[in-house]
Amino acid sequence: MPAPQCASCHAARAALRRPRSGQALCGACFCTAFEAEVLHTVLAGRLLPPGAVVAVGASGGKDSTVLAHVLRELAPRLGVSLRLVAVDEGIGGYRDAALAAVRRQAARWDLPLTVVAYADLFGGWTMDAVARSTAGSGRSRACCTFCGVLRRRALEEGARLVGATHIVTGHNADDMAETVLMNFLRGDAGRLARGGGLGSRGEGGALPRCRPLQLASQKEVVLYAHFRRLDYFSEECVYAPEAFRGHARHLLKLLEAARPSAALDLVHSAERLALAPAARPPPPGACSRCGALASRALCQACALLDGLQRGRPRLAIGKGRGGRDEEGSSGPPPPPPSDPGSAPGPAAGGCGAACKERCE
Ligand SMILES: Nc1ncnc2c1ncn2[C@@H]1O[C@H](COP(=O)(O)OP(=O)(O)OP(=O)(O)O)[C@@H](O)[C@H]1O
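Numbering of residues starts from 1 in each chain and follows the order in which that chain's sequence is written. Confidence filtering applies because this is a predicted model: local features only for residues at pLDDT of at least 70, side-chain atom pairs given and counted only at 80 or more, and all residues used for totals across whole chains, interfaces and linings. For the side-chain quantities, the full set of heavy atoms in the structure was used; hydrogens and water were omitted.

1. Focus: unusual backbone geometry
Here is step 1: Its identity as a non-glycine residue notwithstanding, H10 has a phi of 55 degrees, on the positive side.
Here is step 2: Relative to the elements of secondary structure, H10 occurs in the segment before β1 (16-17).
Here is step 3: With a phi close to 50 degrees, R229 is a non-glycine residue in the positive phi region.
Here is step 4: For the purposes of this entry, the term helix denotes a DSSP run of H or I that reaches at least four residues, the term strand denotes a run of E that reaches at least two, and both are numbered from the N terminus. Relative to the assigned elements, R229 resides in the loop between α9 (218-227) and α10 (245-258).
Here is step 5: Three labels apply to residues, based on accessible area from a 1.4 Å probe with only protein chains included: buried if under 20% of the type maximum, exposed if over 50%, partly exposed otherwise in between. The exposed category is assigned to R229, whose relative accessible area is 70%.

Right, here's the structure in full:
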């Protein structure tokens, strides 16, 4: 049976059915609709004001590739200028290939690209060095926790370096729904209540952040990349198989099989969640080391780096969930890296240059 006509232009044959609405569209009309929806998300949420200098967190993966491409299309209408900022976490056999994709994109789209590396920002610590250190304490699944916190700070550093006023990341609806599920499964009410909305306004001196693809499904992001013939890097991070997120992803797939709108429903549910007044934590203060917003003496990034320096990464992870606060305790002197041949020795005293800026 021939494909139906495109429900929008009525001229071309439909190439797909939109997963959520079932609407049959040709590739060109789908891409136009996708871009219009992202434009609506940005305008309705007042995410990027005219004149904004926008740092796009560019990983080389499909989401940030699609985000950079769509925002480049929309930039003249939004009145914003774009900079690509890529973070090199120091993950052998993975990030180099992804960065090569980002470099190709920057050249093809004529966008300025800045690469910032964990090793430079965090006193010699690469993710490979962190992974060895956490594996030694039986917590290799913690890699994503470390990486997520450090990447957030690295992106902030890179964005400031290029004079950005705003940061955007490529998180899509599926990513957000997985995060909501993970927070439920961990019983993390604080994160659940904070996790709604399309971004943060930039509290505590941090740059405002937003996620313009947050209402777009992963399937549609992939379809957009396909029809626009985008060149992206599609391998999974070598540490990802260990992550708890994999279980949330599996659960979401099961839910979507029964209810196709499950991902977006979860995203919208999280937007409506708020902590009861009695359950609210005290307002955050400033990290005693770098000045970033922190609910304890040290912000998350400084606490993790501090734990690594002391050779006690487990305590640093536990802190985020009510573990012991090490600030002020007399820990052992900073240890050498766990594999002296593979990473430069992390400098003593925390995260080095990154501490000068606010990180969360
Ligand atoms: N190394 C990096 N450098 C810059 N930004 C990054 C980096 N890694 C992730 N990001 C930003 O964070 C977003 C979410 O990344 P994450 O790896 O959690 O999800 P993802 O769905 O695999 O994203 P992507 O397909 O863009 O890689 C990315 O879309 C990107 O904007």
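2. Describing the site of the ligand
Here is step 1: We call a residue near a given molecule or strand whenever any one of its heavy atoms falls within 4 Å of it. Neighbouring residues of the ligand: 18 residues in total, closest G57, S59, D63, S64 and V87.
Here is step 2: Here an oxygen atom of the ligand sits 3.1 Å away from a polar atom, N or O, in the main chain of K62.
Here is step 3: Here a polar contact means two N or O atoms within 3.5 Å. Within protein one must be a hydrogen donor candidate and the other an acceptor candidate, and residues neighboring in sequence count only if both atoms are side-chain atoms. Separating a nitrogen atom of the ligand from a backbone N or O atom of V87 is a distance of 2.8 Å.
Here is step 4: For the shell around the ligand, the secondary structure elements donating two or more residues are α2 (62-78), β4 (81-88) and α6 (143-161).
Here is step 5: Asp, Glu, Lys and Arg are counted as charged, while Ala, Val, Leu, Ile, Met, Phe, Trp, Tyr, Cys and Pro are counted as nonpolar; the rest, among them Gly, fall into the polar class. Of the residues assigned to the shell around the ligand, the class counts are five nonpolar, seven polar and six charged.

3. What about the pattern of salt bridges?
Here is step 1: The salt bridge definition used is simple: a Lys or Arg side-chain nitrogen within 4 Å of an Asp or Glu carboxyl oxygen. With the rule as written, the count across this model stands at 15 salt bridges.
Here is step 2: Two residues, E89 and R95, come together in a salt bridge whose shortest N-O distance is 2.6 Å.
Here is step 3: The buried category is assigned to R95, whose relative accessible area is 4%.
Here is step 4: One salt bridge in this structure joins E178 and R245, with 3.0 Å as the shortest N-O distance. With a gap of 67 residues between them, E178 in helix α7 (residues 173-186) and R245 in helix α10 connect regions that are remote in the sequence.
Here is step 5: By relative accessible area, R245 is classed as partly exposed at 26%.
Here is step 6: Connected via shared salt-bridge partners are E178, E236, R245 and R249.

4. Side note on the pairing of strand β3 (residues 53-57)
Here is step 1: With five of its five residues buried, β3 lies for the most part within the structure.
Here is step 2: A two-sided burial pattern is seen for β3, the buried positions comprising V53, A55 and G57 on one face and V54 and V56 on the other.
Here is step 3: Bridge count for β3 against β4 is five bridges, and the pairing is parallel. Pairing of G57 across the sheet is with V85, part of β4.
Here is step 4: Each parallel crossover has a hand, and for β3 linked through α2 to β4 it is right-handed.
Here is step 5: Sheet topology places β3 next to strand β6 (residues 166-168); three bridges connect them, and they run parallel. Pairing between two strands requires that DSSP report at least two bridges joining them. Handedness of a crossover is defined as follows: orient the strands so they point away from the viewer, and if the path from the first strand over the helix to the second runs clockwise, the crossover is right-handed.

5. With respect to the side chain of T169
Here is step 1: Inspection of the secondary structure puts T169 in the loop between β6 and α7.
Here is step 2: The exposure class of T169 is buried, given its relative accessible area of 14%.
Here is step 3: Polar contacts involving the side chain of T169 include one to the side chain of H171, which spans 2.8 Å.
Here is step 4: Contacts are assigned to residue pairs that have any heavy atoms within 4.5 Å of one another. Sequence-distant contacts of T169, that is, excluding residues within four places in its chain, are made with L67, L155, C210, R211 and P212.

6. Some details on the environment of R151
Here is step 1: The topology assignment puts R151 in helix α6.
Here is step 2: Taking relative accessible area as the criterion, R151 reaches 36% and is therefore assigned partly exposed.
Here is step 3: R151 sits 69 residues away from E220 along the chain, and the two C-alpha atoms are 26 Å apart.
Here is step 4: Among residues more than four places away in sequence, those in contact with R151 are V87, E89 and Y118.
Here is step 5: A distance of 3.3 Å separates polar atoms of two side chains, one belonging to R151 and the other to E89.

7. Some details on the packing of α10 against helix α11 (residues 262-272)
Here is step 1: Inter-axis angles, ranging from 0 to 180 degrees, are taken between N-to-C directions of lines fitted to C-alpha atoms, where helices are fitted over the stretch in contact. For the pair α10 and α11, the least separation of the axes is 8 Å and the interaxial angle reads 110 degrees. On the basis of their axis angle, the class for α10 and α11 is roughly perpendicular. Two secondary-structure elements touch here, α10 through L252, L255 and E256 and α11 through A262, A263 and L266.
Here is step 2: Grouping the constituent residues of the contact of α10 with α11 by class yields five nonpolar, no polar and one charged. Roughly parallel refers to an angle under 35 degrees, roughly antiparallel to one over 145, roughly perpendicular to one between 65 and 115, and oblique to any angle outside these ranges.

8. Some points on the nonpolar core
Here is step 1: Counting residues in each nonpolar core, the largest one holds 45 residues, and the members touching the most others are Y118, F122, M127 and C299.
Here is step 2: Those elements that provide at least two residues to this core are β3, β4, α3 (95-109), α4 (118-121), α5 (127-136), α6 and α12 (300-309).
Here is step 3: Per-element tally for this core: the top contributor is α6, with eight residues.
Here is step 4: Counting residues in hydrophobic clusters, the runner-up holds 42 residues, among them L48, A52, V102 and W109. By nonpolar core is meant a set of buried Ala, Val, Leu, Ile, Met, Phe, Trp, Tyr and Cys residues that side-chain atoms within 4.5 Å join together.

9. With respect to the packing of aromatic side chains
Here is step 1: Working definition: a ring pair exists when centres of Phe, Tyr or Trp rings (six-membered ring for Trp) sit within 6.5 Å. Plane angles under 30 degrees give stacked, over 60 give edge-to-face, the rest tilted. Under the criterion given, the structure shown has five aromatic pairs.
Here is step 2: Each member of the aromatic cluster is reached from another via a ring pair, and the members are F30, F34, Y224 and F227.

10. Brief notes about the packing of α6 against α12
Here is step 1: Packing of α6 against α12 leaves a shortest axis separation of 9 Å and a crossing angle of 125 degrees. If you check the angle between α6 and α12, you find them oblique. The chirality of how α6 crosses α12 is left-handed. Here α6 contributes T145, F146, V149, L150 and R153 to the contact with α12, which in turn contributes Q300, A301, C302, L304, L305 and L308.
Here is step 2: For the contact of α6 with α12, the class distribution of residues is eight nonpolar, two polar and one charged. By the definition used in this description, the sense in which the near helix is turned from the far one sets the handedness, with an anticlockwise turn below a right angle giving left-handed and a clockwise turn giving right-handed.

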